[in-house]
Structures are given as C-alpha cells and as structure tokens.
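# Architecture at a glance
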Amino acid sequence: MRPIGAGFVLLGTGISLIGTSWDVQWHIDVGPDTFFTLPHLFIYAGSAIAGIAALSVVLAVTAAQRRGETPDPRDGGVPIRVFGGAFTAPLGYLVTGVGAAAFLLYGLTDLWWHTVYGFDAVLNSPPHVALFTTISITMIGAVIVAASAREQRWGRIAMAISVPVLMTFFPITANAFQGLPVPFDSIVVATALIIVLLLVLTRVAIGRPGAAVATAAALLVMQGILWVFTPLATSWYADSVGLPMRDGMGGEPSLIPSGIPLLALVAAVVIELLFRRGALVGGGVAGLVLGFSFVLQRPWLGYAAPVTTVELIATTIAGCAFGVLGAFLGLRFGATLRLREKVTA
Amino acid sequence: MIKRLFALLAALVFVPIATAAPAMAYEPVNIVHTEHVQVGPYGLTVGFSTWPVRAMQSLDFTFAPDGGLDGKTGTFMRTGPSGSHTRPAPLVRHPRKRDVWGLDVFALQVEGTWKFDFTIDGPQGHGAGTLSGLQVLPQPGPPLALSWVVCALPFVALIGFLVVVWRRGNPKRIEPSGVPTGVAAG
C-alpha cells in the first residue's frame, strides 16, 4: 500500500514535469497552441494521477482509522484530522491532494484567460504563475510523503526523485520576479536558494551522509533525460500534427533542462563536507558555487545576454548570501520533516 | 461521500474539455486589417488578424513584401509607448503562413502608440521603413491587479503553510518532547 500510493504521486509529478518541459519547448520551437495539446495532456494527467493517488490514500487511511487502527506517520507523514475529523489525512498526501485540486481549478482560470487574451504563451501570466505554484505544492507533498518513509529504502529512493523534481520545477515560478530592480540575476539567485535549501533539507530529513549527493546526482540524471527527450518530443509532435519548426531558431538546448545548474552536484558535495562543521557555511559556499557558475551557464547556453563583470560579482555574492539563507531554512524544514507527533487541524 | 468526491473530480476534468472544444483546431491565419509600409524600394503589407489591437491580447501579424520572400532578408524592431525597444530581430516566416514573414499568436503588452521598424535587403539593395502610430487599445478583461490577486492565492497559501511548518519546527518546542530535531541525527 505505502510504496504504491507514493509511487503514483511520484509518477504524477514526473509526468507533469516532463509535460511542462515539452510544452515550454513547443511554444519556443513551434508555436501555435490550443488547450488540447499532448504536452498539456501530460501536465494535466500528471496532476490528476498525483491527486487521485493522494485522495485514494486519504480515503484508505480514514477507513482504517474508523476501523480503530492508529494511523502510522511513516505512511505519508503526520496524520491530520480534516473537516472536524471526517477525514484522517497523512500530511504529505493532504498537501499533494490540495495542490492537485487547486491545479485543476486554476486550469479553468487559465482556459478563461486564453479565451480573453488569446494563446500568446508567456510563462508569467497570472494563471500560469498560479498553475506553477499549485504543481509545486503537489510536488512538496511528494517530498513529505517520501521523507516520512526515510527508514525504508524505497522512501530514500523516493526522496532522491521527488526533491530533484521540485528543484527543477520551482524555479520556473521565479520568472515572475524577473523584472525586479536588483543588481544581480534574480532567476540565478532564486534557483541557488531553492537548490541549497532542498539539498540541506534532504540531508537533514534523511539523516544520512550522502543523501544530498544522491539527490544532486538524480537531478543531473533528470536534467540529462529532459535534455534528450524535450527536443525529440517537440520535433516529433510538430511532424505528427503537420506543423513546421520555426525559422531562425539558434539550436540552443531546451529551456527547462538548461535552467538546472550543471554544478548542483558540486554544491551538494560542499554541503556534505561542511555539514557537521557548519551547515550554514556549507550553504554559503554552495550558493557561491551555484551563483557564479549558473550566471555564466545561462548566457553560455544562449538563454541570457552576456554577463558583465559587475553582474557576475553581484550574483556570486547574492548567491552566497541566499545560500546561507537556504541552508538556514533547509535545516529547520528538514528537522520538521522528521517530526512524527500527531496533529489536529 | 466517496462517490460525490469522484463526481466532483470528474467534473473538474471533463467540464473544461466539453467547454473548450472550439479551441481545439489550429486556426488558419485570417487577416482582417492591413497597413502599407514603404521599406526603401520595397513595398511591405503588414497584416493583423484582429483589429483594433488591444494590449495583452494575442494575434497573428504578417509582413508580406511585394513580390514574395525570394531573395529577401529583413529585420524587425518594436518600439513601445515608453520609447523602449527590442533589438532588431531577423524577419522569419509565419509558422502557419509560410509564404510571408510574421509573428504568430503574439501580444503587444502595453496600451499606447507603438512603432515597427523594418529593414529589407534584396535584389534592389537595402531599404528601411517604419510603421508608426500603431494604436494599441487598453487590455480587455478585469483589471490586471485583480487577476494577480486571485492567482496569487496559492502562493499566499503556500507561504502560510510554510510559516506554520516553520513554527512547528522550533527546536524549543521539539526538544522537550524528545523528538529528534534531525540536525544532529545521522
């Protein structure tokens, strides 16, 4: 029961991630859109699968509790009594389910938006930001589910998959802050913050040396899969519906895998090495590595204008500062993931 | 209860499918308004699939030089009402109307007077020309601030959730109960 529910939640979030990478690339390389494209089907099916899996587990746990069994917090997180005790929902599945339901509701908002404004696909329209946030919430639920089974091998594997999925997805929301008048690259710094936070969180939540490195290695594998899959799927889909690829594309690698720092594994090694001596210092150094390397990676892959020396220095320093913040948040949230006391809400 | 929940879920999935059917096909490029621009020796017809143009509302733009695209290349630069402009980008074929240059499902984001600058290089040499005074009307739909408020609710809820989690993770609250904080574990 436990690995099955978690497995379907992971499957759903993975499908959403693949669909998002495909959809973004479709808009860049091919263009025209309707509500019913194959990439959209992936995104919506992913949330539906994760949401139905979460709902099924909540109903099963509720039924077991009514039979007099005590809910096991290793089964998806601390049990939460919702609607005055009508349901008993493990925290992870509750968060996943709420995220998925909200995603489907905001899907309607997005549909309305496109009927009013047309199908110009911008990442940071209000409904898109809501959709990215709700998918992120679904993915956060998957991380809670995985962390709750940390003693089991499948739980640790689930953690090493669910965290990189969230790492890849959450920075997309950072596009909403792109126009902020700051001297550093806000997307680079937001990405560094999220990656350091989640690496430290994983190390603390799993409580074993090597957990952060394993997660970063899984992130690299995921990046490789998206790097290969995204352009192939895009050109195949364009062929199959009889649409040409746009003229004048520069042959850049796909946008979503390009948005993952290539040196996340180095950052994870730094975090592991400095974890006992000073996790905050480790986070700072990891943030520095990510800030410096990622701000150079983006123009190198063709996704940003060449970086000036001032931007490079400012972004590296900001990466370091936000890395410390990420480690600080990761320590506390990671510790919270280890809590197993019963909660009434 | 379970049946009701599944009915609700089914409705959430299928209502959009049923109501959005007309949006399923890739629409042909249907030009309803044109403007003529003289780009040096070349005549250029700028087509719009919606007229008048409104801010944030996407439409197809076509740029058709007299005599077709053969042997011609060009650039295109947009200047907004504030005077800020894009870098000149190469003119590329419209993906759904390959015999002309164009922009597909593209929106001008702000209302006001826009300007399009073109250059064309071809058999008759280099030419430059401008479509000025392109009026873009206010955006349709509710005020943008309202859209943002509604769509920021999940983000606000997420932050609220994280604050609650953060407070529960307070080491002072955890340690007396004997639950490991995790930082020292492993």
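Placed above this text is the structure.
Remember, it's a predicted structure, so these values are computed and weren't measured experimentally. One numbering rule holds for all chains: residues counted from 1, following each sequence as written. For naming, the first written chain is A and the first written ligand is 1, with later ones following in the order written. Residue-level local features of this predicted model are given only where pLDDT is at least 70; pairs of side-chain atoms are given and counted only at 80 or more, and the full residue set underlies all totals for whole chains, interfaces and linings. Note: side-chain values were computed over all heavy atoms of the structure, leaving out hydrogens and water.

For chain B, the helix and strand inventory stands at three helices and ten strands. A buried classification covers 37% of the 186 residues belonging to chain B. Pairs of residues are marked as contacts when any of their non-hydrogen atoms sit within 4.5 Å. Counting contacts in chain B only where the partners sit at least 6 residues apart, residues at least 24 apart contribute 57% of the total. With the model as given, the accessible surface of chain B reaches about 10,200 Å², and the carbon-plus-sulfur share is 63%. Secondary structure elements follow DSSP: runs of H or I no shorter than four residues count as helices, runs of E no shorter than two count as strands, and numbering proceeds from the N terminus. The rule is simple: take the accessible area with a 1.4 Å probe, protein chains only, and divide by the maximum for that residue type; under 20% is buried, over 50% is exposed, in between is partly exposed. In this description, accessible areas are obtained by the Shrake-Rupley approach with a 1.4 Å probe, and a residue is regarded as covered only by the protein chains that are shown.

Before going further, it helps to spend a moment on the pairing of strand E9 (residues 112-122) of chain B. Residue and element names in this part refer to chain B. Whether two strands pair comes down to DSSP finding at least two bridges between them. In this structure, strand E5 (residues 73-79) lies alongside E9, joined through seven bridges in antiparallel fashion. Its bridge partner being in E9, Thr73 is matched across the sheet by Asp121. Examined bridge by bridge, E9 and strand E10 (residues 125-137) share ten bridges and lie antiparallel to one another. The residue bridging Thr113 from the neighbouring strand is Gln135, located in E10. Counting the residues between successive antiparallel strands, the hairpin from E9 to E10 contains two residues.

Okay, the environment of Leu166 of chain A next. Residues and elements named next belong to chain A. Looking at the element boundaries, Leu166 is found in helix H5 (residues 153-173). C-alpha separation for the pair Leu166 and Ala64, spaced 102 residues apart in sequence, amounts to 31 Å. Residues in contact with Leu166, not counting those within four places in the same chain, are Ser136, Met139, Ile140, Val143, Pro171 and Leu198.

Residues and elements named next belong to chain B. The strand order across the open sheet built from five strands is E3-E10-E9-E5-E6, with neighbouring strands paired in mixed fashion. Edge positions in the sheet fall to strand E3 (53-54) and strand E6 (89-90), since each of these pairs with one other strand and no more. Of the strand pairs in this sheet, E3 and E10 are connected by two bridges, and their pairing is parallel. Its bridge partner being in E10, Arg54 is matched across the sheet by Leu137.

Looking at the second largest pocket, its volume works out to about 1,200 Å³. Here a cavity is any set of points on a 1 Å grid over the protein atoms alone where a 1.4 Å probe fits but cannot get out, and a pocket is any open set with protein on both sides within 12 Å along at least 5 of 7 lines; a residue lines the site when it has an atom within 4 Å of a point. Along the walls of the second largest pocket sit 48 residues, with Ile140, Leu197 and Phe333 of chain A together with Leu158 and Leu162 of chain B positioned nearest its centre. At the level of elements, strand E1 (79-82), helix H3 (91-117), helix H4 (126-148), H5, helix H6 (186-206) and helix H10 (309-337) of chain A together with helix H2 (144-168) of chain B are the ones that each hand at least two residues to the lining of the second largest pocket. All residues other than Ala, Val, Leu, Ile, Met, Phe, Trp, Tyr, Cys, Pro, Asp, Glu, Lys and Arg, Gly among them, are scored as polar; the first ten of these are nonpolar and the last four charged. A breakdown of the residues in the lining of the second largest pocket according to their chemical character gives 40 nonpolar, five polar and three charged. Grid points are joined across faces, edges and corners, and a volume is the space filled by probe spheres set on the points.

Working rule for helices: expected span equals 1.5 Å times residues minus one. For H2 of chain B, with 25 residues, the first-to-last C-alpha span of 36 Å sits near the 36 Å given by 1.5 Å per residue. Along H2 of chain B, the sharpest change in direction is near 40 degrees and occurs at Ala152 of chain B; proline Pro154 of chain B comes one to four residues later. In this structure, the buried side of H2 of chain B is in contact with H3, H4, H5 and H10 of chain A. Consider a residue and the seven residues that end there alongside the seven that start there; fitting an axis to each set, the bend is the angle between those axes.

Attention shifts here to unusual backbone geometry. Trp51 of chain B connects to Pro52 of chain B through a cis peptide bond whose omega is 0 degrees. Assignment of secondary structure puts Pro52 of chain B in the loop between strand E2 (42-48) and E3. For Phe83 of chain A, which is not a glycine, the phi torsion comes out positive at approximately 50 degrees. Classification of Phe83 of chain A by relative accessible area gives exposed; the value is 70%. Even without glycine at this site, Val105 of chain B takes up a positive phi of about 30 degrees. Within the fold, Val105 of chain B resides in strand E8 (residues 97-106). Look at Val105 of chain B and you get buried, because its relative accessible area is 18%.

Before going further, it helps to examine the side chain of Asp117 of chain B. Residue and element names in this part refer to chain B. With respect to the helices, strands and loops of the structure, Asp117 is situated in strand E9. Exposure remark for Asp117: the relative accessible area of 17% places this residue in the buried category. Any N or O atom pair separated by 3.5 Å or less is treated as a polar contact, with the protein-specific requirement of one donor-capable and one acceptor-capable atom, and with residues adjacent in sequence counted only for side-chain atom pairs. A distance of 2.6 Å separates polar atoms of two side chains, one belonging to Asp117 and the other to Thr130.

Turning our attention to the nonpolar core. Among buried residues, the Ala, Val, Leu, Ile, Met, Phe, Trp, Tyr and Cys ones that are joined through side-chain atoms within 4.5 Å form a nonpolar core. In this structure, Tyr93, Met159, Leu199 and Leu337 of chain A are the most contacted members of the largest nonpolar core, which totals 87 residues. Broken down by element, this core gets its largest block of residues, 13 residues, from H4 of chain A. Beyond its immediate sequence surroundings of up to four residues, Leu199 of chain A is in contact with Met167, Ala212, Thr215, Ala216, Ala264, Ala267, Ala268 and Ile271 of chain A. Residues Val37, Leu44, Trp101 and Leu108 of chain B belong to the second largest nonpolar core, which totals 25 residues.

In this section: the packing of helix H7 (residues 211-240) of chain A against helix H9 (residues 264-300) of chain A. Residue and element names in this part refer to chain A. Axis definition: a line fitted to C-alpha atoms, limited for helices to the stretch in contact. Angles are taken between N-to-C directions and run from 0 to 180 degrees. One can describe the packing of H7 onto H9 by two numbers: an axis separation of 15 Å at closest approach and a directional angle of 20 degrees. Put simply, H7 runs roughly parallel to H9. Contacts between H7 and H9 involve Ala211, Ala212, Val213, Ala216, Ala217, Leu219, Leu220 and Gln223 from the first element and Ala264, Leu265, Ala268, Val269, Glu272 and Gln297 from the second. Along the lines of polarity and charge, the residues of the contact of H7 with H9 split into eleven nonpolar, two polar and one charged. Just so you know how the angles are binned, under 35 degrees is roughly parallel, over 145 roughly antiparallel, 65 to 115 roughly perpendicular, and the rest oblique.

Here H4 of chain A crosses H2 of chain B at 10 degrees, and the two axes come no closer than 8 Å. Considering their axes alone, H4 of chain A and H2 of chain B lie roughly parallel with respect to each other. In terms of crossing hand, the pair formed by H4 of chain A and H2 of chain B is left-handed. Here Pro126, Pro127, Val129, Ala130, Thr133, Thr134, Ile137, Ile140 and Ile144 of chain A of H4 of chain A lie close against H2 of chain B, whose contacting residues are Leu144, Ser147, Trp148, Cys151, Pro154, Phe155, Leu158 and Phe161 of chain B. In the contact of H4 of chain A with H2 of chain B, the residues fall into 14 nonpolar, three polar and no charged. Helix crossings fall into two classes, left-handed where the near helix is turned counterclockwise from the far one by less than a right angle and right-handed where it is turned clockwise.

Our focus in this paragraph is the sheet that holds E2 of chain B. Pairing is antiparallel across the open sheet formed by five strands, whose spatial order is E1-E2-E4-E8-E7 (chain B). A strand with exactly one partner marks an edge of an open sheet, and here the two such strands are strand E1 (33-39) and strand E7 (93-94) of chain B.

Another aspect to go through is a nonpolar patch on the surface. Patch membership requires over 30% relative accessible area and the absence of a salt bridge. Like charges are linked within 9 Å, and nonpolar side chains (Val, Leu, Ile, Met, Phe, Trp, Tyr) within 5 Å. Basic side-chain nitrogens of Lys or Arg form a salt bridge, by our definition, when they fall within 4 Å of a carboxyl oxygen of Asp or Glu. Among the surface-exposed residues, Leu220, Leu262, Leu263, Val266 and Trp300 of chain A lie close enough to one another that they form a single nonpolar patch of about 460 Å² accessible area. Looking at where Leu263 of chain A falls in the secondary structure, it is placed in the loop between helix H8 (255-258) and H9.

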